[in-house]
Amino acid sequence: MATGRTHRPATRSRGIPEATVARLPLYLRALTALSERSVPTVSSEELAAAAGVNSAKLRKDFSYLGSYGTRGVGYDVEYLVYQISRELGLTQDWPVVIVGIGNLGAALANYGGFASRGFRVAALIDADPAMAGKPVAGIGVQHTDELEHIIEDNGVSIGVIATPAGAAQQVCDRLVAAGVTSILNFAPTVLTVPDGVDVRKVDLSIELQILAFHEQRKAGEDSVQDSGPPAPAAVRAAAADRKGPDGDVPAVMPA
């Protein structure tokens, strides 16, 4: 079986935009669910709704794959699963190492979706000597001293960093020096990598902060709606009370 070191998806050479590449996993997830229900075909509208995008964008994305569907019939589900899997490089074996086997790293190791999506957890690595040899998800944890040998022996090109922030850059540097060219970073820090190395960052705290922003905005909108618009007389009275130190000039002038 091919390994990730020797075969790469052709999306960049074929000129597929990065925004389209980012949506392909969404389409694949929706299509896989349809396939599991033995649904043979799907319309662009139905698939777009399942993936959370609009149908025009979906049709544009699929045009890069050479898939235009059949008018009145829709898209062949199994064929699209194959097409997108091929473009994403999921029709081959991608060995992955996870570095940092704390709570998060252990949870990632126990995630059952890797194997079904073309990824094989080749090794679990941790700096704590007490962790060495302990089984997590049926895989024995290995010490970071063995990192370079593990990457070489397994032909690893994808590394997952789940260490504390302070250790992430050093781990990243060792992964890159050993030949890893793609990194999924769960550590709450920004990694510096050379050209030719791709990094995807997953920061749960940032995602929660974005949700908090939207919650605050919704709460503010509800407050405005509840209070209703001020009466014109009240507005005039409030304006009359705003006097600066020299009389009627506002203390703060608009920019």
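Refer to the structure above for everything that follows.
Please read all numbers here as calculations on a predicted model, not as lab measurements.

Caption draft 1: A look at the pairing of strand E6 (residues 139-143). Strand direction decides the pairing type here: strand E4 (residues 119-126) and E6, joined by three bridges, are parallel. Bridging from a neighbouring strand, Leu 124 pairs with Val 141 of E6. Between strand E5 (residues 135-136) and E6, which pair antiparallel in sequence order, lie two residues; one of them, Ala 137, sits at a positive phi of approximately 55°.

Caption draft 2: Main features of unusual backbone geometry. Here the phi dihedral of Ser 38 falls at roughly 60°; this positive angle occurs in a residue that is not glycine. For Ser 38, the location among the structural elements is in the loop between helix H1 (18-36) and strand E1 (41-42). Given a relative accessible area of 62%, Ser 38 falls into the exposed group. Non-glycine residue Ala 137 carries a positive phi angle of around 55°. A residue is classified by how much of its surface remains accessible, and Ala 137, at 40% relative accessible area, is partly exposed.

Caption draft 3: Fine view of the side chain of Thr 20. With respect to the secondary-structure elements, Thr 20 resides in helix H1. Its relative accessible area of 2% is what places Thr 20 among the buried residues. Polar side-chain contacts of Thr 20 include one of 2.8 Å to the side chain of Asp 61.

Caption draft 4: Representation of the packing of aromatic side chains within the structure. Inspection of every chain in the model, using the stated rule, returns three aromatic pairs. Pairing Tyr 27 with Phe 62 gives two aromatic rings, centres 5.0 Å apart and planes at 75°, and the pair type is edge-to-face. Here Tyr 27 is found in helix H1, whereas its partner Phe 62 is found in helix H3 (residues 55-65), with 35 residues between them in sequence. You can call Tyr 27 buried: its relative accessible area is 0%. The exposure class assigned to Phe 62 is buried, which follows from its relative accessible area of 0%. On the numbers, 5.1 Å between centres and 85° between planes, the contact of Phe 62 with Tyr 75 is edge-to-face. Of this pair, Phe 62 sits in helix H3 while Tyr 75 sits in strand E2 (residues 75-76), placing them 13 residues apart in sequence. The same class applies to Phe 62 and to Tyr 75, which are both buried. Following the ring pairs from residue to residue traces out a cluster consisting of Tyr 27, Phe 62 and Tyr 75.

Caption draft 5: The environment of Asp 145, seen in detail. Residue position: Asp 145 is located in the loop between E6 and helix H7 (147-154). Accessibility expressed as a relative area gives 55% for Asp 145, which makes it exposed. Linking Asp 145 and Asp 126, residues 19 residues apart in sequence, is a C-alpha distance of 9.1 Å.

Rules of the game
Residues numbered from 1 in each chain as written. Predicted model: local features only at pLDDT ≥ 70, side-chain atom pairs only at ≥ 80, totals over all residues. Heavy atoms only, no water. Pairing = 2+ DSSP bridges. Helix = DSSP H or I, 4+ residues; strand = E, 2+ residues; numbered from the N terminus. Buried < 20%, exposed > 50% of the residue type's maximum accessible area, 1.4 Å probe, protein only. Polar contact = N/O pair within 3.5 Å; in protein donor to acceptor, adjacent residues only side chain to side chain. Phe/Tyr/Trp six-rings, centres within 6.5 Å; stacked < 30°, edge-to-face > 60°.

By themselves, these are just geometric observations and shouldn't be taken as functional.
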